[in-house]
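Structural overview
Each chain, written out:
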Amino acid sequence: MGNPAVGKTQVVCRYCEEFFSKNYKKTIGVDFFQKRLEMSPEINVSLQLWDVDGTAISGKMLDTYVHDANAIVYVYDITNTDSFKAVEFWNREVSLVASQNYSESSDKDAPIKILLGNKSDQQHLAKVDLDKHVQWAKDHKMEPYIGSAKTGDQINQMFYKCAADLAGVKVTKAQIEA
C-alpha cells in the first residue's frame, strides 16, 4: 500500500524476480507475484504478493484487496515527505476494512503490518527522519524497514522475516540476513 510512484512495483519485482527497472510503469489495478521459500527442511512457504495500484485502493475496491490479507506492507519514498504522510491515510483506510473483516471471526489473525521507507540508495536526499520512521511504525504496531528496491537493500530480509512470522518459524538474525 502506498502512494503512486513510491516504488511498490519495484519492491515486489526486486524480491520475486530479482529485477529492477529504471523506467516507471504505472500499475493498473493489481498485479500478482509469487515467491516460494524454504524456511527449514520441513517447512516451505509460498507468498502471494499483490502489487496494487496506488490510486485504485480506495473506496469499494479496498476491501477486495485487503480481505484475508496475512500481511500488509506500507511503502513510502524516503525522499518525499508527502508519501510518508499519506501512509497515515492508507493505514486508517485499511484498519477500517480490517477491523470489520477480523472482528467477525475469532479464528482470523489481524495482518502483520510493515512500514517500508523505500529508496535508501538516495539517503542523501532523505526528507523523512529515521527516528520519525521508527517511532511511527512502533506507534502503529508495524515492523520498520528502510530499504531500496534499486539495490535490494533490506528487501529480502523484510519478506523473509514476514514469511517466518506468518509460518510461526523462529529465525535468527543471521538467517534473516543470509
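Each remark here, short or long, concerns the structure printed above.
Read on for a plain summary of the structure. (Residues numbered from 1 in each chain as written. Predicted model: local features only at pLDDT ≥ 70, side-chain atom pairs only at ≥ 80, totals over all residues. Heavy atoms only, no water.)

1. Considerations on the overall build of the protein
For the protein, the count of helices and strands is six helices and five strands. Secondary structure elements of the protein occur, N-terminal to C-terminal, as α-β-β-α-β-α-β-α-β-α-α. The buried share of the protein, taken over its 178 residues, is 44%. Considering only contacts within the protein whose residues lie at least 6 apart along the sequence, 66% involve residues at least 24 apart. When the accessible surface of the protein is summed, it comes to about 10000 Å², and 50% of that surface belongs to carbon and sulfur atoms. (Helix = DSSP H or I, 4+ residues; strand = E, 2+ residues; numbered from the N terminus. Buried < 20%, exposed > 50% of the residue type's maximum accessible area, 1.4 Å probe, protein only. Contact = heavy atoms within 4.5 Å. Areas by Shrake-Rupley, 256 points an atom, 1.4 Å probe, with all protein chains shown as cover.)

2. Re the packing of aromatic side chains
Counted by the stated rule, this structure contains five aromatic pairs. Judged by centre distance (4.9 Å) and plane angle (90°), the rings of phenylalanine 32 and tryptophan 50 are edge-to-face. Taken together, the residues phenylalanine 32 in strand β1 (residues 30–40) and tryptophan 50 in strand β2 (residues 43–52) connect sequence positions 18 residues apart. Centroid distance phenylalanine 89 to tryptophan 90: 4.9 Å. Interplanar angle 65°. Geometry classified as edge-to-face. Judged by its relative accessible area of 31%, phenylalanine 89 falls in the partly exposed class. Joined through ring pairs, the aromatic side chains of Tyr76, Phe84 and Trp136 make up one cluster. Taking NZ or CZ as reference, lysine 35 lies 4.8 Å from the ring centre of tyrosine 15, over its face. (Phe/Tyr/Trp six-rings, centres within 6.5 Å; stacked < 30°, edge-to-face > 60°. Lys NZ or Arg CZ within 6 Å of the ring centre and 35° of its normal.)

3. A short note on the pattern of salt bridges
If you walk through the whole model with that rule in mind, you get two salt bridges. Residue lysine 119 is joined to aspartate 77 by a salt bridge in which the shortest nitrogen-to-oxygen separation is 3.1 Å. Residue lysine 119 is found in the loop between β4 (112–118) and α4 (130–139), and its partner aspartate 77 is found in strand β3 (residues 71–77); the two are separated by 42 residues along the sequence. No difference in accessibility class separates lysine 119 from aspartate 77, as the two residues are buried. (Salt bridge = Lys/Arg side-chain N within 4 Å of Asp/Glu carboxyl O.)

4. Here's the deal with helix α5 (residues 155–167)
The terminal C-alpha atoms of α5 lie 18 Å apart, and with 13 residues this matches the ideal 18 Å at 1.5 Å per residue to within 8%. Listed as buried for α5 are Ile155, Gln157, Met158, Phe159, Tyr160, Cys162, Ala163 and Ala164. Positive phi appears at glycine 168, one or two residues downstream of α5, with a value of about 75°. (Expected span 1.5 Å × (residues − 1).)

5. Let's talk about unusual backbone geometry
Even without a glycine there, the phi angle at lysine 141 is positive, about 55°. Within the secondary structure, lysine 141 is located in the loop between α4 and β5 (143–146). Residue classification places lysine 141 among the exposed residues on the basis of a relative accessible area of 70%. The backbone of glutamine 154 sits at a positive phi, close to 70°, despite the residue not being glycine. By the secondary structure assignment, glutamine 154 is in the loop between β5 and α5.

So, to be careful, I would describe these as geometric facts and stop short of saying anything about function.
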